[in-house]
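The chain contents come next:
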Amino acid sequence: ISELTSISFADEGGEIYLNPFYKDSQLRVAFYHEAIHSLKLLGFIKTDITATSYEVLRAAELSNKGRISNTGPVTNGRSKYFEKGVELMKLDLSPEERTNTALKSAKKIIVLDKVVNIVFGMYIFKDKEDWWHYRYGAILGGMAYELAQQTGNSDDAWRYLNLITNGKSPVEAERIIRKIKN
């Protein structure tokens with residue numbers, strides 16, 4: 001393991017292992033990601049599809065600019081998906097349309113990404129995380145960030161992700177935060 005690899009994980013017992021070569025800012029965001037996996041493995045939450053969401057949201061907070069960089073603590077092209085989430089939340093779409101668009105964007109196969117993931121060992125830990133979860137998580141993180149900007153309450157970003165992590169759909173979570181009736 002070196003600082004060039006991004007291997008961090010939570011094992012079946014919920015133990016978290018972080019790359020010892022990470023810089024402080026990398027440790028701060030990687031811990032959020034792996035803690036979500038650990039909580040899922042231990043049965044405390046319903047889904048860990050938001051692991052990357054927490055990671056990118058924390059990175060945006062740490063940047064003090066609300067933006068993340070591929071050269072900072074978050075890598076693997078997640079910043080462009082975070083920005084996609086921010087832009088999706090700015091569009092005049094229903095929560096259903098927004099969530100459907102987010103899922104389609106996340107699941108769109110980009111051959112180069114797939115090759116890079118295979119070559120650099122993304123699939124060493126088979127069955128841990130589907131490849132599109134990273135993208136979808138980053139998009140949801142961007143959506144959470146922008147939602148909080150719109151409501152004027154930074155806690156709403158975390159509430160949005162917590163609702164999803166505990167079993168609400170992104171549609172339901174957005175409706176709860178915005179207090180929208182069906």
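Look up: the structure comes first, before these words.
So, a few notes on the structure that sits alongside this text. All of these numbers come straight from a predicted model, not from anything done at the bench.

What counts as what
- Residues numbered from 1 in each chain as written.
- Predicted model: local features only at pLDDT ≥ 70, side-chain atom pairs only at ≥ 80, totals over all residues.
- Heavy atoms only, no water.
- Core = buried A, V, L, I, M, F, W, Y, C linked by side-chain atoms within 4.5 Å.
- Buried < 20%, exposed > 50% of the residue type's maximum accessible area, 1.4 Å probe, protein only.
- Helix = DSSP H or I, 4+ residues; strand = E, 2+ residues; numbered from the N terminus.
- Contact = heavy atoms within 4.5 Å.
- Expected span 1.5 Å × (residues − 1).
- Phe/Tyr/Trp six-rings, centres within 6.5 Å; stacked < 30°, edge-to-face > 60°.
- Axes fitted to C-alpha atoms, helices over the stretch in contact; angles between N-to-C directions.
- Left-handed = near helix turned anticlockwise from the far one by under 90°.
- Nonpolar A, V, L, I, M, F, W, Y, C, P; charged D, E, K, R; others polar.
- Parallel < 35°, antiparallel > 145°, perpendicular 65-115°, else oblique.

1. Things to note about the nonpolar core
- Ranked by internal contacts, the top residues of the largest apolar core, which has 37 residues, are Phe82, Tyr136, Ile139, Leu140, Met143, Tyr160 and Leu161.
- Elements represented by at least two residues in this core include exactly α1 (24-41), α2 (51-63), α3 (78-90), α4 (95-107), α6 (131-151), α7 (155-165) and α8 (170-178).
- With 11 residues, the top contributor of residues to this core is α6.
- Excluding residues that lie within four positions of it along the chain, Ile139 makes contacts with Tyr81, Phe82, Lys84, Gly85, Leu88, Ala102, Ser105 and Ala106.

2. Quick look at the environment of Leu62
- Mapped onto the secondary structure, Leu62 falls in helix α2.
- When the C-alpha positions of Leu62 and Val29 are compared, they lie 9.0 Å apart, and in sequence the two are 33 residues distant.
- Those residues in contact with Leu62, other than ones at most four positions away along the chain, are Ser25, Arg28 and Val29.

3. A short note on α4
- Relative to the 18 Å expected for 13 residues at 1.5 Å per residue, α4 spans 18 Å between its end C-alpha atoms, a close match to the ideal helical length.
- On the buried face of α4, the contacting elements are α3, α6 and α8.

4. Side note on the packing of aromatic side chains
- Applying the stated criterion to the full structure yields 4 aromatic pairs.
- Aromatic pair Trp132 and Tyr136: ring centres 5.9 Å apart, planes at 55°, arrangement tilted. Within this pair, Trp132 and its partner Tyr136 are both found in helix α6, separated by 4 residues, close to a single helical turn. When sorted by exposure, Trp132 lands in the same class as Tyr136, which is buried.

5. Some remarks on the packing of α7 against α8
- Between α7 and α8, the shortest axis-to-axis distance is 9 Å and the interhelical angle comes to 145°. α7 and α8 meet at a crossing whose hand is right-handed. Contacts from Asp156, Arg159, Tyr160, Leu163 and Ile164 of α7 reach α8 at Pro170, Ala173, Glu174, Ile176 and Ile177.
- Looking at side-chain class alone, the contact of α7 with α8 contains 7 nonpolar, no polar and 3 charged residues.

6. Some details on the packing of α4 against α8
- In the contact formed by α4 and α8, the axes pass within 9 Å of each other and the chain directions differ by 140°. Comparing the axis directions of α4 and α8 gives the class oblique. For the pair α4 and α8, the sense of crossing is right-handed. Side by side, α4 and α8 meet where Pro95, Glu96, Arg98 and Thr99 of the first sit next to Pro170, Val171, Glu174, Arg175 and Arg178 of the second.

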